[in-house]
Amino acid sequence: VAGCFERGSLAGLHLLINAGPTREAIDPVRYISNHSSGKMGFALAEAAAEAGARVTLVAGPVNLPTPPRVQRVDVVSAEDMLHACQNALPADVFIASAAVADYRPAHCADSKLKKDPHSGDGMTLSLVRNPDILATLSSPPAGQARPWCVGFAAETNEVLSYAQGKLQRKNLDLIIANDVSQPGIGFNSDDNAVTLIDRSLQQHSLPHASKQKLARQIIAFIAEQLARQPS
Ligand code: CTP
Ligand code: CA
């Protein structure tokens, strides 16, 4: 009921945001993951709630407090994250800020793996592809509402052309590109600098700033784009 009285550029809308890394189990004590801190996604959730949206934040394993008035769902693996995102639908907007592990071990051992005395110095781990959460939600089955979809592209080289390729391949409304080869921004840092690329391939640069400040700018940009859409 409280939602009915929210004010702000996103009042009345449900934003689904995922954040952080995923962990893909190798055995009960080991996993594959990455260095994502989840800070950008949490900052976006906070900014979206400030703008009056109802916010569901699906978080991988991160060490961050839940922003005020945000509904948080904690998950571990990419498959769990996909299911939690699907369970949170329908959403007006989906922002995929999570650093989803692209692959997971083909099998998770039931008990702790031991070193094989016969295998010499090496060990081969067989991996399989994880589902693409963003591509799944951006192209729903017929009859199911499609959220307005925002992706992230963290790249080390050819940043804008890779990001543009992901925008088109994943059927997105907006992609947020950042160059993670630059020191002090992006992955696991408090600051970022990004370029937004919209569906018409127009670019909008947001210079180096704190993730909180950038999150507010990104949320304002999304609200503007939604306001322009024919409803
Ligand atoms: N993404 C996703 N599910 C995956 C992989 C990526 O939802 N299994 C989303 C990310 O949350 C991000 C966007 O897709 O919003 C781009 O992620 P990125 O890792 O840059 O792209 P990939 O398609 O995985 O391509 P690659 O890692 O090979 O560059
Ligand atoms: Ca990837």
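Scroll up a little and you will see the structure.
This structure is a prediction, so every number in the text was calculated from the model and none was measured.

Rules behind the numbers
- Within each chain, residues carry numbers counting from 1 in the order of the written sequence.
- Starting at A for chains and at 1 for ligands, labels are handed out in the order in which the entities are written.
- Reporting of local features is limited, given that this is a predicted model, to residues whose pLDDT is at least 70; pairs of side-chain atoms are given and counted only at 80 or more, and all residues count toward the totals for whole chains, interfaces and linings.
- As a rule here, side-chain values come from all non-hydrogen atoms in the structure, and water together with hydrogens is ignored.
- Axis definition: a line fitted to C-alpha atoms, limited for helices to the stretch in contact. Angles are taken between N-to-C directions and run from 0 to 180 degrees.
- Under the scheme used here, helices are H or I runs from DSSP no shorter than 4 residues and strands are E runs no shorter than 2 residues, and both carry numbers assigned from the N terminus.
- Oblique is the label for any angle not covered by the other classes, which are roughly parallel (under 35 degrees), roughly antiparallel (over 145) and roughly perpendicular (65 to 115).
- Each helix crossing is assigned a hand: it is left-handed if the near helix lies turned anticlockwise from the far helix by less than a right angle, otherwise right-handed if that turn is clockwise.
- Any two residues whose heavy atoms approach within 4.5 Å are treated as being in contact.
- Charged means Asp, Glu, Lys or Arg here, nonpolar means Ala, Val, Leu, Ile, Met, Phe, Trp, Tyr, Cys or Pro, and polar covers whatever is left, Gly included.
- When DSSP locates at least two bridges between a pair of strands, those strands are taken to pair.
- Residue burial is assigned from relative accessible area. The probe radius is 1.4 Å, only protein chains are included, and a residue is buried under 20% of its type maximum, exposed over 50%, and partly exposed in between.
- Note: the arc covers the axis-to-C-beta directions of the helix.
- We call a residue near a molecule or strand whenever a single non-hydrogen atom of that residue lies within 4 Å of it.
- Think of a polar contact as two N or O atoms within 3.5 Å of one another; within protein, one of them needs to be a possible hydrogen donor and the other a possible acceptor, and neighboring residues in sequence only count if both atoms come from side chains.
- Surface accessibility follows the Shrake-Rupley procedure with a 1.4 Å probe radius. Residue values consider only the protein chains on display as shielding.

Would you mind going over the packing of helix α1 (residues 39–50) against helix α5 (residues 211–228) in detail, with residue names and values included?
Packed helices, taken two at a time, are described by their axes: the angle between them and the distance between them. Where α1 contacts α5, the axes come no closer than 8 Å and their chain directions differ by 50°. Classified by the angle their axes make, α1 and α5 are oblique. Considering only the axes of α1 and α5, their crossing is right-handed. Here Lys39, Met40, Ala43, Leu44, Ala47, Ala48 and Glu50 of α1 come into contact with α5, specifically with Lys211, Gln212, Leu214, Ala215, Arg216, Ile218 and Ile219. Residue composition of the contact of α1 with α5, by class: nine nonpolar, one polar and four charged.

Go over the sheet that holds strand β4 (residues 54–59), please, and point to the residues and values.
Reading across from one edge, β5-β4-β1-β6-β9-β10-β11-β12 is the order of the eight strands in this open sheet, with mixed pairing throughout. The open sheet has two free edges, formed respectively by β5 (70–74) and β12 (203–210), since each of these has just one partner strand. Recorded for the sheet is a direction-independent mean angle of 20° between the axes of neighbouring strands. Helix α4 (residues 159–169) contacts β9 (148–155), β10 (174–179), β11 (191–198) and β12 of the sheet and is inclined by roughly 155° relative to β10.

Mind laying out α4, listing which residues take part and the relevant values?
Here α4 has its buried residues at Val159, Ala163 and Leu167. Seen along its axis, α4 keeps its buried residues to an arc of 65°; they face one direction. Turned more than 90 degrees off the buried face of α4, the exposed positions are Gln168 and Arg169. The inward-facing, buried residues of α4 contact β9, β10 and β11. Once α4 finishes, Asn171 follows within two positions and takes phi at roughly 60°, a positive value.

With reference to specific residues and values, describe the site of ligand 1.
Close to ligand 1 lie Ala96, Ala98, Val100, Asp102, Pro131, Asp132, Ile133, Leu134, Gly151, Phe152, Lys166 and Lys170. Separating an oxygen atom of ligand 1 from a backbone N or O atom of Ala98 is a distance of 2.8 Å. The backbone of Pro131 places a nitrogen or oxygen atom 2.9 Å from a nitrogen atom of ligand 1. Across the complex, the protein chains shield 75% of the 570 Å² of accessible surface that ligand 1 would expose by itself. Of all the secondary structure elements, the ones that give two or more residues to the shell around ligand 1 are α3 (133–138) and β9. Here the shell around ligand 1 is built from residues that sort into seven nonpolar, one polar and four charged.

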